[in-house]
Amino acid sequence: MIRAKEDIIKFLSVVLCCFPLMVNAEEANLKSKEAFERIKSLSGDWKKEGDTGGDFYIKFSQAAGASVLVENWLYKGKSHSLTIYHMDNGNLLATHYCPQGNQPRLQLSSSGERGQLVFSFKDATNLLDLEANHQHSLGFEWLESEGIIRTESYMENGALKPSSMRLVRK
């Protein structure tokens, strides 16, 4: 009888300890799903603000029954790089297909109240050394003026190089 009470207490302790983790996981899944819907709103063509040449633009398009968003960088009509956004067991991932031939996978690490989304390096395929050139982070911030700021950092020769560009619909 005493042993059964100890087992019940242990069981309840485990359940009560894990319950906040389950709630946090559910909240994270909800935020990832909301973030995915937010990022799908980018569907269409975007250019750098003030660019009048038209040689470069980014095309966002939904594919596979709207289960993925494809970000295609086009320069002079040719695809330069791709990033594919999709859900994976409640997490929002971005896989970047880089001209360097590697494929970093980034995971949504935060989403702000104003719609900022930040993706952080998770892992990569075809990348032998983490100091080698690869995309290491990615972010979006929606602006009140109908534009977005797209930020990213690249690892170049062992050093992180951040960059950003302001985009408007083409």
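Reading guide: rules and limits
Residues numbered from 1 in each chain as written. Predicted model: local features only at pLDDT ≥ 70, side-chain atom pairs only at ≥ 80, totals over all residues. Heavy atoms only, no water. Helix = DSSP H or I, 4+ residues; strand = E, 2+ residues; numbered from the N terminus. Buried < 20%, exposed > 50% of the residue type's maximum accessible area, 1.4 Å probe, protein only. Polar contact = N/O pair within 3.5 Å; in protein donor to acceptor, adjacent residues only side chain to side chain. Contact = heavy atoms within 4.5 Å. Pairing = 2+ DSSP bridges. Axes fitted to C-alpha atoms, helices over the stretch in contact; angles between N-to-C directions. Phe/Tyr/Trp six-rings, centres within 6.5 Å; stacked < 30°, edge-to-face > 60°. Lys NZ or Arg CZ within 6 Å of the ring centre and 35° of its normal. Salt bridge = Lys/Arg side-chain N within 4 Å of Asp/Glu carboxyl O.

(A) Geometry of the side chain of Asn72. Tracing the sequence through the fold places Asn72 in strand E3 (residues 68-75). The class for Asn72 is buried, based on a relative accessible area of 17%. A polar side-chain atom of Asn72 sits 2.6 Å from a polar atom in the side chain of Ser79. Beyond its immediate chain neighbours, meaning those up to four positions away, Asn72 contacts Tyr57, Ile58, Lys59, Ser79, His80, Ser81 and Leu82.

(B) Just the environment of Lys78, in detail. Structurally, the position occupied by Lys78 is in strand E4 (residues 78-88). Along the sequence, Lys78 and Phe56 sit 22 residues apart, while their C-alpha atoms lie 9.4 Å from each other.

(C) Summary view of unusual backbone geometry. One non-glycine residue with positive phi stands out, namely Lys76, at about 50°. Structurally, Lys76 is set in the loop between E3 and E4.

(D) Structural context of the sheet that holds E4. Taken together, the 10 strands give a closed barrel; going around it, the order is E1-E2-E3-E4-E5-E6-E7-E8-E9-E10, and neighbouring strands pair in antiparallel fashion. On average, each strand axis in the sheet is tilted by 25° relative to the strand beside it, whichever way the strands run. When E4 meets strand E5 (residues 91-97), the two strands line up antiparallel, connected through seven bridges. Within E5, the position partnered with His86 by the bridge is Leu93.

(E) Summary view of the side chain of Thr95. As for its position among the elements, Thr95 is in strand E5. Once residues lying within four places of it in the same chain are set aside, the contact partners of Thr95 are Leu82, Thr83, Ile84, His86, Gln103, Pro104 and Arg105.

(F) Structural detail: the packing of aromatic side chains. One pass over the full model with this rule turns up five aromatic pairs. Ring geometry for Phe140 against Trp142: centres 6.2 Å apart, planes inclined by 45°, an arrangement best described as tilted. Within the aromatic cluster, the residues linked to one another by ring pairs are Phe60, Tyr85, Phe119, Phe140 and Trp142. Here the basic side chain of Lys48 rests over the ring of Phe56, its NZ or CZ set 5.5 Å away from the ring centre.

(G) Representation of the pattern of salt bridges in the model. Enumeration according to the criterion identifies six salt bridges in this entry. Residue Glu49 pairs with Arg166 through a salt bridge whose shortest N-O separation is 3.2 Å. With Glu49 in the loop between strand E1 (44-48) and strand E2 (56-63) and Arg166 in strand E10 (residues 159-169), this residue pair connects regions lying 117 residues apart in the sequence. Classification of Glu49 by relative accessible area gives partly exposed; the value is 46%. Its salt-bridge partner being Arg150, residue Glu71 comes within 2.8 Å of it at the nearest N-O pair. Of this pair, Glu71 sits in strand E3 while Arg150 sits in strand E9 (residues 148-156), placing them 79 residues apart in sequence. Where salt bridges share partners, they join Glu71, Arg150 and Glu152 into one cluster.

As far as function goes, none of this settles anything; it's purely spatial.
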